[in-house]
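Structural overview for review
Residue strings, one per chain:
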Amino acid sequence: MSEATVPGGLGFERVLVNHEVCRSGPLDVIRDSLRSYFYPARVETLDRGASLSSALLTAARLKHVTIGFLRFGSAAMVDPGALGAYHVNIALSGRVASECGGRQTVARVGSGAVFTPREHTVLPWWSADSSQVCIKISKSAVESELAALLGHPVATDVRFELALDLTTAAAAGWLGVVRLLIEEVERPDGLLERSATHRDHLEKLLISGLLHVQNHDHLDALLRPQPPARPRTVKRIIDLIEANPQVNYTLSELAGHAGVGARRLQLAFRETLHTTPTAYLRTVKLDRARAELLAGEDTVMAIAYRWGFNHPGRFATMYRHAYGESPSETARHGR
């Protein structure tokens, strides 16, 4: 395979093909490239006279997240030691033995591994047919997001369970965010390049999703039912949304503005408005977009983007569900 293509690999058929870093070169070139984008590591091939003719690394660096695709095309060993960051590997083909802080797992299609910053990480066996999506996430970004969701600071590293099960419904939703991020990185002159707000929003979705999908030492506290916030907290968020509905706030950002944990804010919205903060935000966005469509002053796509709907197809689906007609039909009525 000459590109970062993986038939049937969890929907990741093409991974950052426009962000190639290196391919089929000497081992030291691959090692140096991994150092540049991810971590310094000892990398060795396990087969005598191994050919790296099908090796490939693609990668893109954002603000808090570096995402890439790695294939050696030969059995290999990778020992980066303590990473200094949180890291997720998603197996797309083959098998990779993974160890972190004395824990062990074997990642294969349908699974992966999550590594913590200050525990020794080593991949003692990477099969010749293996390829993985690799996601490096800054330590501060994960811990800041968790603190915002909990409503209080996190004093220690988040110790994730090593083995990552990607076959659950929740994991499928998180994988959708990973695919969306890759799609946006690959889009020439797209919103990711034009809007730091859009980039930050996608990064937060990725991090928040990981915190909710993968077991870790704060997950029980994150999911534990909490007493609802007071109604004035809900009003504070309603006022924020009504004043700036074009912003794609994440739940943690709304909770931070309210000064409570994300779970408490969700409970307060359900008790007072019978909805969630993000659903309320989406409703306000749709209402504002509908008003402009009826006014007939701009194109459907321009209006969708203006109100923070960055994917016209998803916007059309949500709009039809809310109003029983497509955005273009509303626009024709307006004209």
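Check the entry above for the structure.
Quick caveat: nothing in here was measured; it's all calculated off a predicted structure.

Let us now look at the overall build of the chain. Helix and strand counts for the chain stand at 13 helices and 12 strands. The burial tally for the chain puts 51% of its 335 residues in the buried class. In the chain, 71% of the contacts between residues at least 6 apart in sequence involve partners at least 24 apart. Taken as a whole, the chain presents about 15100 Å² of accessible surface, with 51% of it coming from carbon and sulfur. Counting 38 positive and 35 negative side-chain charges, the chain places the averaged centre of each group 4 Å from the other.

To continue, consider the pattern of salt bridges. Per the stated rule, a full pass over the model turns up 18 salt bridges. The shortest N-O distance in the salt bridge between K139 and D157 comes to 2.8 Å. Taken together, the positions of K139 in helix α2 (residues 139-150) and D157 in the loop between α2 and β12 (163-165) put the pair 18 residues apart, joining distant regions of the chain. According to the relative accessible area criterion, K139 is partly exposed, its value standing at 23%. E145 is the partner of K204 in a salt bridge, and the nearest nitrogen-oxygen pair spans 3.7 Å. With K204 in helix α5 (residues 196-213) and E145 in helix α2, this pair connects stretches of sequence that are 59 residues apart. Taking relative accessible area as the criterion, K204 reaches 25% and is therefore assigned partly exposed. Take E145: its relative accessible area is 3%, and that puts it in the buried class.

Our next topic: helix α9 (residues 262-273). Residues that lie three or four places apart on an α-helix share one face, since the helix turns once every 3.6 residues. The first and last C-alpha atoms of α9 sit 16 Å apart over 12 residues, in line with the 16 Å expected at 1.5 Å per residue. Those residues of α9 not exposed but buried are A262, L265, Q266, A268 and F269. Taken around the axis of α9, the buried residues stretch over an arc of 160 degrees, which confines them to a single face. Tucked inside the fold, the buried residues of α9 contact α2, α7 (231-243), α8 (251-258) and α10 (277-295). Directly beyond the C-terminal end of α9, a positive phi value near 55 degrees is found at H274.

What follows deals with the packing of α7 against α8. Closest axis-to-axis distance for the α7/α8 pair is 9 Å, and the angle between their directions is 120 degrees. As the angle between them shows, α7 and α8 are arranged oblique. Crossing hand, α7 versus α8: right-handed. Facing T233, R236, I237, L240 and I241 of α7, the residues of α8 in contact are L254, H257 and A258. Its residues placed into classes, the contact of α7 with α8 shows 5 nonpolar, 2 polar and 1 charged.

Here the focus is unusual backbone geometry. For L16, which is not a glycine, the phi torsion comes out positive at approximately 55 degrees. For L16, the location among the structural elements is in the segment before β1 (20-23). Backbone geometry places D189, a non-glycine residue, at a positive phi of 55 degrees. By the element assignment, D189 lies in the loop between α3 (169-186) and α4 (191-194).

If you look at soluble globular proteins, the nonpolar side chains tend to sit buried side by side. If you look at the biggest cluster of nonpolar residues, it comprises 63 residues, and the most contacted ones within it are I90, I135, I137, W174, V178, L206 and L211. Among the elements that take part in this core, α3 stands out by supplying 9 residues, more than any other. Beyond its immediate stretch of four places on either side in the chain, I137 contacts H64, V65, A85, Y86, V142, L206, I207 and L210. Y39, V43, A113 and W126 belong to the second largest nonpolar core, which has 25 residues in total.

Glancing now at the sheet that holds strand β9 (residues 111-115). With respect to topology, 7 strands assemble into an open sheet ordered β1-β3-β4-β11-β6-β9-β12, the strand pairing being antiparallel. Two strands close off the open sheet at either side, each with one partner strand: β1 and β12. Recorded for the sheet is a direction-independent mean angle of 20 degrees between the axes of neighbouring strands. Judged from the 7 bridges that link them, strand β4 (residues 65-71) and strand β11 (residues 131-137) form a sheet pairing that is antiparallel. Residue pairing across strands places L70 opposite Q132, the latter belonging to β11.

This part covers helix α1 (residues 27-37). Here α1 has its buried residues at I30, S33 and L34. Down the axis of α1, the buried set is contained in an arc of 100 degrees. They therefore lie on one face. In this structure, the buried residues of α1 make contact with β1, β2 (42-45), β3 (56-61) and β4.

The rules behind each value
Position numbers for residues start from 1 in each chain and track the written sequence from start to end. Local features are withheld for residues below a pLDDT of 70 in this predicted model, meaning they are given only at 70 or higher, and side-chain atom pairs are given and counted only at 80 or more; totals for whole chains, interfaces and linings count all residues. Heavy atoms from the whole structure form the basis of all side-chain values; hydrogens and water molecules are not counted. Strands here are runs of E lasting at least two residues and helices are runs of H or I lasting at least four, both read from the DSSP assignment and numbered beginning at the N terminus. Exposure is judged per residue with a 1.4 Å probe applied to protein chains only, and the accessible area is read against the type maximum: over 50% gives exposed, under 20% gives buried, and values in between give partly exposed. Residues count as neighbours in contact if any of their non-hydrogen atoms are within 4.5 Å of one another. Shrake-Rupley sampling with a 1.4 Å probe provides the accessible areas, and residues are treated as covered by the protein chains on show and by no other component. Only four residue types enter the tally: Lys and Arg on the positive side, Asp and Glu on the negative side, with His and both chain ends excluded. Each charge is placed at NZ for Lys, CZ for Arg, CG for Asp and CD for Glu. Salt-bridge detection follows one rule: a side-chain nitrogen of Lys or Arg within 4 Å of a carboxyl oxygen of Asp or Glu. What a helix should span is 1.5 Å times the count of its residues minus one. Taken from the helix axis, the directions to the C-beta atoms give the arc we talk about. Angles shown run from 0 to 180 degrees and are taken between the N-to-C directions of axes, each axis being a line fitted to C-alpha atoms and, for helices, limited to the stretch in contact. Between 65 and 115 degrees an angle is taken as roughly perpendicular, under 35 as roughly parallel, over 145 as roughly antiparallel, and anywhere else as oblique. Handedness of a crossing is defined here by the sense of rotation of the near helix relative to the far one, left-handed for an anticlockwise turn of less than a right angle and right-handed for a clockwise turn. For this scheme, ten residues count as nonpolar: Ala, Val, Leu, Ile, Met, Phe, Trp, Tyr, Cys and Pro. Four count as charged, namely Asp, Glu, Lys and Arg, and the remainder, Gly too, count as polar. We call a set of buried residues a nonpolar core when its members are Ala, Val, Leu, Ile, Met, Phe, Trp, Tyr or Cys and they connect through side-chain atoms within 4.5 Å of each other. Two strands pair if DSSP finds at least two bridges between them.

Taken by themselves, the reported measurements are silent on function.
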